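# Structural features, examined
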Amino acid sequence: MQGTKQLTYITLIVILLTMFTAQAHSEDKELTSITDNPGFNYFKSTLLHVIEQRRPELSGQHHFYVAHYREGSEYTYMFWQEARLFWVLHLGTPEEYGWMSMLLPSSGELLHIDKDVVATQEEVGTSTYMVSQQWINDKIFKCVVDGDLITVTYP
């Protein structure tokens, strides 16, 4: 009897672990890459304009990390390592003009890591442009570890 209960519990645990693993894998498959976006070439060329506009003194290779996103999403996240800038990035269209919002982001869409990040959520308060260290760490992790690296050489 004791062996039967133990076998039942082990079987139940294996079933639950299988379900959680399958769910995690199916959630991963739902995410898409910026490289699959029909406007990817325009996105990449707009990154050159971003460098020219924001940090033209930084020549050489630039690393832009873009988080994967769900199909049908209107935005994702992007981290520019060399400039220490972080975008809540509106996904553009297959046309070139569809990516120009990166050049003129609205309030809260572009964060300066060294100025706009505070230690705690309490310090953020009702700010529309500051974020907590935990929030930015989570988003940068999604960009760097689970996202795509786009490198651009400037000039």
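Residues numbered from 1 in each chain as written. Predicted model: local features only at pLDDT ≥ 70, side-chain atom pairs only at ≥ 80, totals over all residues. Heavy atoms only, no water.

### Description of a nonpolar patch on the surface
A grouping of F141, V144 and V145 is seen on the molecular surface, where their side chains present a nonpolar patch of about 260 Å² in accessible area. Along the chain, V145 falls in the loop between α5 (133–144) and β9 (148–154). (Patch = residues over 30% accessible without salt bridge, like charges linked within 9 Å, V, L, I, M, F, W, Y side chains within 5 Å. Areas by Shrake-Rupley, 256 points an atom, 1.4 Å probe, with all protein chains shown as cover. Salt bridge = Lys/Arg side-chain N within 4 Å of Asp/Glu carboxyl O. Helix = DSSP H or I, 4+ residues; strand = E, 2+ residues; numbered from the N terminus.)

### Examining the packing of aromatic side chains
The full count for this structure, using the stated rule, is eight aromatic pairs. Members of the aromatic cluster, joined through ring pairs, are Y75, Y77, F86 and W135. (Phe/Tyr/Trp six-rings, centres within 6.5 Å; stacked < 30°, edge-to-face > 60°.)

### With respect to the pattern of salt bridges
Between side chains of opposite charge, pairing is possible as soon as their charged atoms come close. Taken as a whole and assessed by the stated rule, the structure comprises three salt bridges. For the salt bridge of R70 with E30, the shortest nitrogen-to-oxygen distance reads 3.2 Å. Of this pair, R70 sits in strand β3 (residues 69–70) while E30 sits in the loop between α1 (2–29) and β1 (31–32), and the two are 40 residues apart along the sequence. Here R70 falls in the partly exposed class, since its relative accessible area comes to 40%. The class for E30 is partly exposed, based on a relative accessible area of 43%. Between R84 and D114 there is a salt bridge, with the nearest N and O atoms lying 2.8 Å from each other. Of the two residues, R84 sits in the loop between β4 (75–80) and β5 (85–90) while D114 sits in helix α3 (residues 113–116), which places them 30 residues apart along the sequence. For R84, a relative accessible area of 37% corresponds to the partly exposed category. (Buried < 20%, exposed > 50% of the residue type's maximum accessible area, 1.4 Å probe, protein only.)

### Here's the deal with the nonpolar core
Counting residues in each nonpolar core, the largest one holds 23 residues, and the members touching the most others are I34, F43, M78, W87 and I150. The greatest single-element share of this core, amounting to five residues, is contributed by helix α2 (residues 40–54). Not counting residues within four places of it along the chain, the set of residues in contact with I34 comprises F40, F43, V66, Y69, L91, W99, D148 and I150. Counting residues in each nonpolar core, the second largest holds 12 residues, with Y77, F79, L111 and C143 among its members. (Core = buried A, V, L, I, M, F, W, Y, C linked by side-chain atoms within 4.5 Å. Contact = heavy atoms within 4.5 Å.)

### Quick word on the side chain of H63
By the secondary structure assignment, H63 is in strand β2 (residues 60–66). A distance of 2.4 Å separates the side chain of H63 from the side chain of E82, its partner in a polar contact. Ignoring anything within four residues of it in the chain, the contact list for H63 reads F79, W80, Q81, E82, L149, I150 and T151. (Polar contact = N/O pair within 3.5 Å; in protein donor to acceptor, adjacent residues only side chain to side chain.)

### Quick notes on α2
When the terminal C-alpha atoms of α2 are compared, their 21 Å separation across 15 residues agrees well with the 21 Å that a helix rising 1.5 Å per residue should span. Along α2, the residues that are buried comprise F40, F43, T46, L47, V50 and I51. What you see down the axis of α2 is that its buried residues fit within an arc of 155 degrees, all on one side. Of the surrounding secondary structure, the elements contacted by the buried residues of α2 are β2, β4, β5 and β9. (Expected span 1.5 Å × (residues − 1). Arc of directions from axis to C-beta.)

### A closer look at the side chain of S33
Mapped onto the elements of the fold, S33 is located in the loop between β1 and α2. Here S33 falls in the buried class, since its relative accessible area comes to 10%. A polar atom in the side chain of S33 sits 2.7 Å from the side chain of T35. In contact with S33, other than residues within four places in its own chain, are H68, Y69 and D148.

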